Amino acid sequence: MTALPLSATDLAMSAILVLVNAVASLALGLQIHRSLLVAALRMVAQLLLVGLALRWILTNQSPWLTALAVLLMIAAAAREVASRSRKPLAGSAGLRISTVVVGTASMLTVALALATALRPDPWYDPRYAIPLMGIVLGSVLNSASIALDAFLTGASSAAAVIEARLALGAGRHEALRAPLIAAIRSGMLPVINQMSAAGIITLPGIMTGQVLAGMDALAAAKYQILLMFILAGASGLAAFGAATLAMLRLTDGRQRLRLDRLRN
């Protein structure tokens, strides 16, 4: 059994569901029809372009093309993380932090999976490396952006308490412990919820795709379990790294809270 091919007509028929939502928005005065249609068109264009690019990369089987694709994906994810904070860091600090966190968390977990569990030949096989990186980056992006936003917002809101603790002699790790822990917890919640719901409430995308492609359901479940463990590890690294680096940036060597490093 192989995956059933989809024609342009099939996609057009499924797009009717989006048009129904747009019409409902107009009828109810929700004012989201324009955003919905633009998002749908943007999604179609992006996925088709990515599909064409991946087809070319998979045909050439070059480690340099695979590395270039991975770096571009990491750069795009880092930019998204840096731009989502409600109280962003001034200058390029947020982008630097997100680049380090996203790159480290995603590269470590994907490299571990390719070297131990999956073991493709060659190890840089883009059929494995690029889709796996894309899935991991989605989880890393969510965890890092949530943790970064939660820490910066929490530290700013509790500035008076933090400065009082610092004035009484507490170190920055002790003074900022509460917003740091809260940020890491917030960053980990999405993947925890995802693992809790997998199998009973939802059938995750990888497992569903493999079953539709003809893989044995139990084998597909094992792949999904592996993937969820990878996502949990990557999310934990991303949440911890984003909150910790933000804490170091928001303080200085003299143990002072530096809210002037936040963008107005």
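Structural data are supplied above this passage.
Model, not experiment: these values are computed from the prediction.

Reading guide: rules and limits
- Residues numbered from 1 in each chain as written.
- Predicted model: local features only at pLDDT ≥ 70, side-chain atom pairs only at ≥ 80, totals over all residues.
- Heavy atoms only, no water.
- Helix = DSSP H or I, 4+ residues; strand = E, 2+ residues; numbered from the N terminus.
- Buried < 20%, exposed > 50% of the residue type's maximum accessible area, 1.4 Å probe, protein only.
- Contact = heavy atoms within 4.5 Å.
- Areas by Shrake-Rupley, 256 points an atom, 1.4 Å probe, with all protein chains shown as cover.
- Lys, Arg positive; Asp, Glu negative; His and termini not counted.
- Charge placed at Lys NZ, Arg CZ, Asp CG, Glu CD.
- 1 Å grid on protein atoms, 1.4 Å probe; cavity = no way out; pocket = protein on both sides within 12 Å on 5 of 7 lines; lining within 4 Å.
- Points joined across faces, edges and corners; volume = space filled by probe spheres on them.
- Axes fitted to C-alpha atoms, helices over the stretch in contact; angles between N-to-C directions.
- Parallel < 35°, antiparallel > 145°, perpendicular 65-115°, else oblique.
- Left-handed = near helix turned anticlockwise from the far one by under 90°.
- Nonpolar A, V, L, I, M, F, W, Y, C, P; charged D, E, K, R; others polar.
- Phe/Tyr/Trp six-rings, centres within 6.5 Å; stacked < 30°, edge-to-face > 60°.
- Expected span 1.5 Å × (residues − 1).
- Polar contact = N/O pair within 3.5 Å; in protein donor to acceptor, adjacent residues only side chain to side chain.

A.B. asks: Teacher, can you tell me more about the overall build of the protein chain here?
C.D. replies: A tally of helices and strands in the protein chain yields ten helices and zero strands. Order of helices (α) and strands (β) in the protein chain, N terminus to C terminus: α-α-α-α-α-α-α-α-α-α. Taken along the three principal axes of its C-alpha coordinates, the protein chain extends 70 × 55 × 40 Å. Looking at the protein chain as a whole, 35% of its 264 residues are labelled buried. Looking at the protein chain alone, contacts between residues at least 24 apart form 72% of all its contacts between residues at least 6 apart. Carbon together with sulfur atoms contributes 68% to the accessible area of the protein chain, which is approximately 15,700 Å² in total. Distance between charge centroids for the protein chain: 7 Å, based on 21 positive and 10 negative side chains.

A.B. asks: Would you mind showing me how to read the layout of surface pockets here?
C.D. replies: By rolling a water-sized probe across the atoms, one finds the places where empty space is left. A volume near 720 Å³ is recorded for the largest pocket. In terms of lining, the largest pocket is formed by 23 residues, of which the most central are Val50, Leu72, Met73, Ala76 and Ala77. If you list the elements that add at least two residues to the lining of the largest pocket, you get helix H2 (33-60), helix H3 (63-83) and helix H5 (126-157). If one sorts the elements of the lining of the largest pocket by residue count, H3 sits on top with nine residues. There is about 420 Å³ of room inside the second largest pocket.

A.B. asks: How do you make sense of the packing of helix H1 (residues 8-28) against H2 when you look at a structure like this?
C.D. replies: Angle between the axes and distance between the axes: these two values describe a pair of packed helices. Taken N-terminus to C-terminus, the directions of H1 and H2 make an angle of 160 degrees; their axes are 8 Å apart at the nearest point. When the axis of H1 is compared with that of H2, the two are roughly antiparallel. Read as a crossing pair, H1 and H2 show a hand that is left-handed. Contacts from Val18, Leu19, Asn21, Ala22, Ser25 and Leu26 of H1 reach H2 at His33, Leu36, Leu37 and Ala40. Tallied by class, the residues present in the contact of H1 with H2 amount to seven nonpolar, three polar and no charged.

A.B. asks: How do you make sense of the packing of aromatic side chains when you look at a structure like this?
C.D. replies: By convention here, two paired aromatic rings are described through the distance between centres and the angle between planes. One pass over the structure, following the stated rule, counts one aromatic pair. Summarising the aromatic geometry, the rings of Trp123 and Tyr124 are spaced 5.7 Å apart at their centres and angled 90 degrees between planes, so their arrangement reads as edge-to-face. Take Trp123: its relative accessible area is 62%, and that puts it in the exposed class.

A.B. asks: Just to check I follow, could you spell out H3 for this structure?
C.D. replies: Three or four residues apart is the spacing at which side chains of an α-helix point the same way, because the helix has 3.6 residues per turn. Taking 1.5 Å of rise per residue, the 21 residues of H3 would be expected to cover 30 Å, and the 30 Å separating its terminal C-alpha atoms lies within 8% of that figure. In this structure, the buried side of H3 is in contact with H2, helix H4 (93-118) and H5. The N-capping residue of H3, defined by a side-chain oxygen 3.2 Å from the backbone nitrogen of Trp64, is Ser62.

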